[in-house]
Amino acid sequence: MFELLGKDPSSKERRGRLTTGHGVIETPAFMPVGTQGSVKAVSPQELHELEAQIILGNTYHLFVRPGLEVIRHFGGLHRFMNWDGPILTDSGGYQIFSLAKLRKITEDGVAFQNHLDGTPTFISPESAMEIQAALGSDIAMVLDECPPWPCEYDYAARSVERTHRWAARCQDAARKLKEGGNVQRPTSNVQRSTDENDARDAINHQPSTINQMVFGIVQGGTFEDLRRSSAQALAAADFDGYAIGGVSVGEPETEMMQAVEWSEPHLPENKPRYAMGLGTPPQLIELIGRGMDMFDCVLPTRLARNGTAFTAGGSLNLKNAEFAMQKGPLEEGCGCPACREFTRGYIRHLIKAEEILGLRLITVHNLHFYLDLMKRARCAIENGTFASLRAQFVAGYKTRSGVPESA
């Protein structure tokens, strides 16, 4: 499923190829985020034209709305959203983290009130895998507990151990689902929601063959020994791939990079590595240099809706008056539709006038920028010039005042 096509023994950057049931992913790769079954402001056809290889679907949001019954009725997430390429679905762990005031974590799973109407909902490791199987994604993530930043060592240690126990339960559930068997859920006093029962009903209507890869998630906060032990424990469990989670949750960038550096040496070389929820363009290049293969981040689409465009020289806030009379494209030499056909001045006008076309054009440009950066990184690794690309790009990228640069 994963081939390591090239790696310089003296450095960590990797060139790989991940084969899924819906297509091949050349790595390093960026995954546009499709939270609600849609990458905001762009169509699946446009994603293909931008050469997106894989997108991310949000398990929690799709579970809450439209619900599994609807997605099952349309034949799974691929058919529902008309995307024929690979899909990775997260487990809902990050959303559980973000709903801290609305949830209660137990050994069985997480009870919480959904963000739409407050309906009591429960997700266990077993139901997380059932939900993702019903969605029909190519890569499913285990349910994990994402600790906050900052947190005490003892809390992080307990969280890591629970994440490992949940990962084992997810792996067991995924195996039983692939074999066509029933998943045994834990006995608990926690009241199950109707939605959770729908997960099992949806599985009963799925084809008998479920062909999903399952990725484990390394946790451990900002503690080196916890990151190391988490990576080692999950590597021993032989997952199809590995993610590094619990990063970009408010910690300084140096601590975020350390979490990756502490985890990476203990992950198998022959499996893909996914840095979750990251990051800015220079961060992606730096993470590739630290041995990471896959990335997702909301920044290209989220900042586009605020009028921010990414360029090799840094991000531009198109709301600023300096762009009103500029006739050039968002970035010279860029081949995206926005840069081929429109000026900075016109796009600024659209943003100031709150015209939807403006945010669509910047979204298309930003996604092209991220996807093209991955293509450039792949070529540089193949040619043995990644160190030069890394140094030049990071040095040339300037963070500008007034432009948000975090997820």
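Summary of the structure given here. Numbering of residues starts from 1 in each chain and follows the order in which that chain's sequence is written. Local features are withheld for residues below a pLDDT of 70 in this predicted model, meaning they are given only at 70 or higher, and side-chain atom pairs are given and counted only at 80 or more; totals for whole chains, interfaces and linings count all residues. Only hydrogens and water are removed before side-chain values are computed, so all heavy atoms of the structure are retained for them.

**A look at the packing of aromatic side chains**
Aromatic ring pairs are defined here through the distance separating the ring centres and the angle between the ring planes. What counts is decided by this rule: Each Phe, Tyr or Trp ring, with Trp reduced to its six-membered ring, pairs with another whose centre is within 6.5 Å; inter-plane angles below 30 degrees give stacked pairs, above 60 give edge-to-face pairs, and intermediate values give tilted ones.
Under the criterion given, the structure shown has 11 aromatic pairs. Through a chain of ring-to-ring contacts, three or more aromatic side chains come together here, namely Phe30, Phe310, Phe369, Tyr370, Phe393 and Tyr397.

**Regarding the sheet that holds strand β10 (residues 120-123)**
Basically, it comes down to this: In this scheme, strands are said to pair when DSSP sees at least two bridges between them. Helix and strand assignments follow DSSP, with helices taken as H or I runs no shorter than four residues and strands as E runs no shorter than two, numbered in order from the N terminus. Each axis is a line fitted through C-alpha atoms, and for a helix only the stretch in contact is used; angles between axes span 0 to 180 degrees, taken between their N-to-C directions.
The 3 strands lie next to each other as β8-β9-β10, forming an open sheet whose pairing is antiparallel. Here the strands that pair on one side only, and so sit at the sheet edges, are β8 (103-105) and β10. For this sheet the average axis-to-axis angle between neighbouring strands, irrespective of direction, equals 15°.

**Some words on the packing of helix α15 (residues 356-383) against helix α16 (residues 386-396)**
Rules: Pairs of residues are marked as contacts when any of their non-hydrogen atoms sit within 4.5 Å.
With their axes 8 Å apart at the nearest point, α15 and α16 run at an angle of 145° to one another. Residues Phe369, Leu373, Arg376, Ala377, Ala380 and Ile381 of α15 touch α16, and the partners they reach there are Phe386, Leu389 and Phe393.

**Some details on the side chain of Arg15**
Rule in force here: Only protein chains enter the calculation, and the probe is 1.4 Å; a residue is then buried if its accessible area is under 20% of its type maximum, exposed if over 50%, and partly exposed in between.
For Arg15, the position within the fold is in strand β2 (residues 14-20). According to the relative accessible area criterion, Arg15 is buried, its value standing at 7%. Ignoring any residue separated from it by four or fewer positions in sequence, one finds Arg15 in contact with Glu3, Leu4, Leu5, Gly6, Glu26, Thr27, Arg378, Ile381 and Glu382.

**Here we look at the side chain of Ser91**
Note the following rule: Counting of polar contacts relies on pairs of N or O atoms within 3.5 Å, with two restrictions inside protein: one atom must be capable of donating a hydrogen and the other of accepting it, and residues adjacent in sequence are counted only when both atoms are side-chain atoms.
Mapping Ser91 onto the fold places it in the loop between β7 (87-89) and α5 (93-98). Take Ser91: its relative accessible area is 2%, and that puts it in the buried class. From its side chain, Ser91 meets the backbone oxygen of Val142 in a polar contact 2.9 Å long. Discounting residues that sit within four places of it in the chain, Ser91 has contacts with Thr59, Ala128, Gln132, Met141, Val142, Leu143 and Asp144.

**Topic: α16**
Here is the rule: The reported arc concerns the directions from the helix axis to the C-beta atoms and nothing else.
Taken together, the buried positions of α16 are occupied by Phe386, Leu389 and Phe393. The arc that holds the buried residues of α16, viewed along the axis, is 60°, so those residues lie on one side. Of the exposed residues in α16, those oriented more than 90 degrees away from the buried face are Ala387 and Gln392. Against the buried residues of α16 lie α11 (281-288) and α15.

**Let's talk about helix α9 (residues 224-236)**
Quick reminder of the rule: Between the first and last residue of a helix there are one fewer steps than residues, each counted as 1.5 Å, and that sum is the expected span.
Helix length check: α9 (13 residues) gives 18 Å between terminal C-alpha atoms against 18 Å at 1.5 Å per residue, within 8%. Residues of α9 that are buried in the fold lie against α7 (153-178), β12 (213-218), β13 (241-244) and α10 (253-263). Note on α9: the residue one or two positions beyond its end, Asp238, has a positive phi of about 60°.

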